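Residue-level structure breakdown
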Amino acid sequence: MLKTQTGNFSIGIRRGGGWQSDLPALLEWAKSEELGVVDIGRNADEIKQVREAGLQVGSVDLLEWQPLFSPDAAKRKDSVQKNAEYIAKSCGLGAKKFFLVVLPEDPTKSRSENFGYAVESFGALAPSLEAAGGQLVIEGWPGPGALCCTPETYRALFNECGSPGIGINYDPSHLLRMGIDPLRFLKEFAPRVGHVHGKDTEILVEDLYEYGTEQPATFKESPAFGASAWRYTIPGAGGTNWGEVFRILEANEYQGAVCIELEDKDYNGSEAGEKLGFVRGARFLSAR
């Protein structure tokens with residue numbers, strides 16, 4: 001199976017929709033291309049299918065996201081319980097990493113208020129994670145009202161929740177689009193990284209001059225999986241220094257995988273194109 005040259009990290013994919021919904025066919029194709037890891041969604045029963053096919057489970061999506069960050073205390077408590085049960089079941093089946101984005105249920109609330117709900121829920125969930133040997137891997141997608149996207153908010157969360165059960169899904173594409181140095185970020189937070197997405201961002205330099213970062217373009221149509229001055233890409237087509245990423249991870253004894261999340265206008269939209277994007281991204285990473 002494909003692995004990175006630096007760090008010997010297994011390479012895989014994050015499962016999407018369309019043709020990828022047929023899990024048995026996806027697993028057979030992944031094996032044929034030497035892709036040894038698959039990230040799956042919220043169906044714990046699929047963990048067994050992946051492992052029986054001879055592949056690793058990279059991450060599974062946490063069962064509930066936004067209810068964990070609800071202004072309603074009873075709703076938060078109920079969500080913690082549901083997620084704790086799901087974590088115990090999934091860890092028993094062999095999945096240990098639980099992917100989520102800190103998307104508040106009510107983004108009109110202040111960021112500090114929603115952050116407080118996140119701290120409370122993560123603190124309540126931490127004992128269940130530690131008991132099961134699981135870890136939340138929080139991705140910094142900067143969606144509507146999203147928290148834990150920047151050094152400021154990740155740092156504050158870890159200061160409040162010291163549990164090793166709370167970690168990071170490192171995806172440099174989101175950092176690049178926000179103007180945050182992905183290598184400096186990784187050097188600061190590498191001990192917390194529990195999973196890695198192989199996705200990149202191309203900064204469209206001429207468009208950055210033309211439109212800046214604060215407003216969308218008035219006349220230009222933004223590219224798919226992007227905005228006026230940037231677009232997501234497969235590894236190798238963006239600005240991330242993947243060799244250095246792997247060196248930092250290796251130095252910090254990272255034990256996880258690198259799974260390609262395919263969001264690239266040059267490949268998405270057809271089965272053939274998406275398979276090509278996965279394979280090209282994987283081959284690029286394997287040479288780093």
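Structure: see above.
Residues numbered from 1 in each chain as written. Predicted model: local features only at pLDDT ≥ 70, side-chain atom pairs only at ≥ 80, totals over all residues. Heavy atoms only, no water.

**Side note on the sheet that holds strand S3 (residues 56–61)**
Our working rule: For two strands to be treated as a pair, DSSP must find no fewer than two bridges joining them. Secondary structure elements follow DSSP: runs of H or I of four or more residues count as helices, runs of E of two or more count as strands, with numbering from the N terminus. Between N-to-C directions, angles span 0 to 180 degrees; the directions come from axes that are lines fitted to C-alpha atoms, helices contributing only their stretch in contact. Between two residues, a contact is recorded if the distance between any of their heavy atoms is within 4.5 Å.
A barrel is described by the order of its strands in space; here 8 strands give the closed sequence S1-S2-S3-S4-S5-S6-S7-S11, paired in parallel fashion. When strand polarity is set aside, the average angle formed by the axes of neighbouring strands in this sheet is 30°. In this structure, strand S1 (residues 11–14) lies alongside strand S11 (residues 258–260), joined through 3 bridges in parallel fashion. Counted as the bridge partner of Ile13 is Ile260 from S11. Sheet contacts for helix H2 (residues 45–52): strand S2 (37–40) and S3; angle to S3, the most-contacted strand, approximately 165°.

**Things to note about the nonpolar core**
Our working definition: We call a set of buried residues a nonpolar core when its members are Ala, Val, Leu, Ile, Met, Phe, Trp, Tyr or Cys and they connect through side-chain atoms within 4.5 Å of each other. Three labels apply to residues, based on accessible area from a 1.4 Å probe with only protein chains included: buried if under 20% of the type maximum, exposed if over 50%, partly exposed otherwise in between.
If you look at the biggest cluster of nonpolar residues, it comprises 80 residues, and the most contacted ones within it are Phe122 and Leu157. If you tally residues by element for this core, the top one is helix H4 (residues 111–132), at 6 residues. The contacts of Phe122, once residues within four sequence positions are left out, are Phe69, Leu100, Val102, Leu136, Ile138, Leu157, Cys161 and Ile166.

**Focus on a nonpolar patch on the surface**
This is how it is decided: Nonpolar side chains (Val, Leu, Ile, Met, Phe, Trp, Tyr) within 5 Å and like charges within 9 Å form the patches, drawn only from residues with over 30% relative accessible area and no salt bridge. Values of accessible area rely on a 1.4 Å probe in the Shrake-Rupley scheme; residue burial ignores everything except the protein chains shown. What makes a salt bridge here is a side-chain nitrogen of Lys or Arg within 4 Å of a carboxyl oxygen of Asp or Glu, nothing more.
On the surface, Ile203, Val205 and Leu208 cluster together to form a nonpolar patch covering roughly 240 Å² of accessible area. Within the secondary structure layout, Val205 lies in helix H8 (residues 205–211). Given the relative accessible area of 60%, Val205 is considered exposed.

**Description of the packing of helix H7 (residues 182–189) against helix H9 (residues 242–251)**
Note the threshold: Put simply, angles under 35 degrees are roughly parallel, angles over 145 are roughly antiparallel, angles from 65 to 115 are roughly perpendicular, and the rest are oblique. Gly is put with the polar residues, along with every residue not named as nonpolar or charged; the nonpolar set is Ala, Val, Leu, Ile, Met, Phe, Trp, Tyr, Cys and Pro, and the charged set is Asp, Glu, Lys and Arg.
Between H7 and H9, the shortest axis-to-axis distance is 10 Å and the interhelical angle comes to 5°. The angle between the axes of H7 and H9 places the two elements in the roughly parallel class. Listed contacts from H9 to Leu183, Leu186 and Lys187 of H7 are Glu244, Val245, Ile248 and Leu249. Residues belonging to the contact of H7 with H9 are distributed by class as follows: 5 nonpolar, no polar and 2 charged.

**Here we look at the pattern of salt bridges**
Tallied over the entire structure, the rule returns 22 salt bridges. Close ionic contact of Arg14 with Asp61 constitutes a salt bridge, the shortest N to O distance being 3.2 Å. Taken together, the positions of Arg14 in strand S1 and Asp61 in strand S3 put the pair 47 residues apart, joining distant regions of the chain. Asp61 carries the same exposure label as Arg14, and that label is buried. Here Glu33 makes a salt bridge to Arg283, at a shortest N to O gap of 3.5 Å. Of the two residues, Glu33 sits in the loop between helix H1 (23–32) and S2 while Arg283 sits in helix H10 (residues 271–286), which places them 250 residues apart along the sequence. By relative accessible area, which is 33% here, Arg283 ends up partly exposed. The structure contains a network of salt bridges with shared partners spanning Arg14, Asp61, Asp171, Lys199, Glu261 and Glu263.

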